[in-house]
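# Structure at a glance
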Amino acid sequence: MENKAYRGHVLALPFPIQGHINPLLQFSKRLVSKGLKATLATTLFIHNTMQPQSSSSLQFDTISDGYDEGGFAQAESIHASLNRMETIGSKTLADLILKNKNTANPIDCIIYDPFLPWALEVAKKFGIFGAAFFTQTCAVNFIYYHVHHGLLKLPITSTPISIPGLPVLELADMPSFISVPGSYPAYFEMVLNQFSGTDKADAVLVNTFYELEPEAVEAMSKVYRLLPIGPTIPSFYLDKRLENDNDYGLNLFVSDSSVCNNWLNTKPEGSVIYASFGSMASLSNKQMEELAFALKGSKFHFLWVVKASEEAKLPEKFVEEIGNKGLVVQWCSQLEVLSNKAIGCFLTHCGWNSTLEALSLGVPMVGVPQWTDQTTNAKYVQDVWKVGVRAKVCENGIVERKEIEFCIKEVMEGERGKDFLENAKKWRDLAIKAGSKGGSSDKNIDEFVSRFINS
Ligand code: UDP
């Protein structure tokens, strides 16, 4: 391995949660296909949980966030965990760079998640090329940019809200940290701090593709030289140019794909609702109950991912009572599920990876956003990409079963359903094109590589 002539050695540093690891991991694989050596560094805790195996296409290594034994769960508060990650993360990142210094392939580029802006300072200290990798949409990033620079004053007192390159937005379309003032102050500070040093980064990459939000990309390109490089999903589902790249390969939770595949393969085309709220969301008991009754009451089959930590919130005897109408699993290979012909719609929290995966695989959506950027993504799903609907929330903050059932019907059948499916297929084709040779994202990846190599 070490004797191979690489064009450079990239260290990718994601924020250590599933939705941020997946895109950087996938982007690293792309860079390997362009002749670079790539190492993905996760925290020791995540590394021990996922046990990733280094291969010819990707190496794994670790830093510490100070919570090696129990991860975030060990932290006394979000704020404390972020501070500790900065102090211990900076030091152990420097150690990792030093460990590689006298090898045949010293690290000469760090691609960091801007949730960890201190990584750029470490890169600069060592004179290493530093690239920010934004994992959310350009639209969401540009909203935070406006707040960070005081161009959008909070709290918002008048609506609709106008931001260059974005559709007119209502308060409910804004990321939740803005629409619900005072919620999660430590995370809000973190998303705004993404812009504290980005002007010093040598490149700014975004996990989106130009065709998906051209106006936002162009507006934001006036302040940074942006390189949209997405969608970062395994090549098997897009351009098929990377060999054996059919899954992310790193899962915080365990799944058995044969259970889902065997069940889905017995269902007719377009007949199943796939419901999942990602790796982080924790729904209220009431919301779980409304979802459960909506799925059980609808006339369609459903596959529902209910994480182990959420299972106790299911109504009593739910699993027994649904029989073969539904399948409840604790985790699944979402890409495999979304690409199964039986799936007719994705009932989703609109996390950015899930949304981008559905767009890239041509699956219409019912959006039930919970927090952070999901609300803005849901706005785009309904009004910009026109690939589904966003469920209405009641005054008590709950999406009721009738509303969920109504939205499911809208997407699964009728004229609107047909339009959503047609649009979803259009986005799928554009996603494939963007990542294929000479496509907008492929060109941007090449530009990134040549900027780094020639730096
Ligand atoms: N995912 C998965 N299996 C599941 C649920 C989710 O593989 O059962 C993956 C999904 O494909 C996506 C990621 O987990 O890549 C979730 O990221 P997202 O941004 O959608 O949501 P988050 O977990 O960050 O809220």
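I will try to describe carefully the structure that is included in this document. (Residues numbered from 1 in each chain as written. Predicted model: local features only at pLDDT ≥ 70, side-chain atom pairs only at ≥ 80, totals over all residues. Heavy atoms only, no water.)

## Some remarks on helix H14 (residues 374-384)
Most of H14 sits inside the fold, with eight of its 11 residues counted as buried. Among all positions in H14, only Gln 374, Thr 375, Thr 376, Asn 377, Ala 378, Lys 379, Tyr 380 and Val 381 are buried. In this fold, the buried residues of H14 make contact with helix H5 (138-148), helix H6 (176-179), helix H13 (352-361), strand S12 (365-367) and strand S13 (388-390). The positive-phi residue at the C-terminal boundary of H14 is Lys 386, with phi of around 55°. (Buried < 20%, exposed > 50% of the residue type's maximum accessible area, 1.4 Å probe, protein only. Helix = DSSP H or I, 4+ residues; strand = E, 2+ residues; numbered from the N terminus. Contact = heavy atoms within 4.5 Å.)

## Brief notes about the packing of aromatic side chains
For the coordinates displayed, the defined rule picks out 24 aromatic pairs. Relative to Phe 448, the ring of Phe 129 lies with its centre 6.1 Å away and its plane at 65°, an arrangement referred to as edge-to-face. Residue Phe 129 is located in strand S5 (residues 129-134), and its partner Phe 448 is located in helix H17 (residues 440-453); the two are separated by 319 residues in the primary sequence. Classification of Phe 448 by relative accessible area gives buried; the value is 0%. With a centroid separation of 5.6 Å and 45° between ring planes, the pair formed by Phe 129 and Phe 452 is classed as tilted. (Phe/Tyr/Trp six-rings, centres within 6.5 Å; stacked < 30°, edge-to-face > 60°.)

## Thoughts on the site of the ligand
As a matter of local geometry, the ligand sits amid 19 residues, with Ser 279, Cys 332, Asn 353, Ser 354 and Glu 357 nearest to it. Within the side chain of His 349, an N or O atom sits 3.0 Å from an oxygen atom of the ligand. Against a free-state accessible area of 530 Å², the protein chains account for coverage of 94% of the ligand. Counting residues per element, the shell around the ligand draws most heavily on H13, at four residues. Here the residues of the shell around the ligand sort into seven nonpolar, 11 polar and one charged. (Near = heavy atom within 4 Å. Polar contact = N/O pair within 3.5 Å; in protein donor to acceptor, adjacent residues only side chain to side chain. Areas by Shrake-Rupley, 256 points an atom, 1.4 Å probe, with all protein chains shown as cover. Nonpolar A, V, L, I, M, F, W, Y, C, P; charged D, E, K, R; others polar.)

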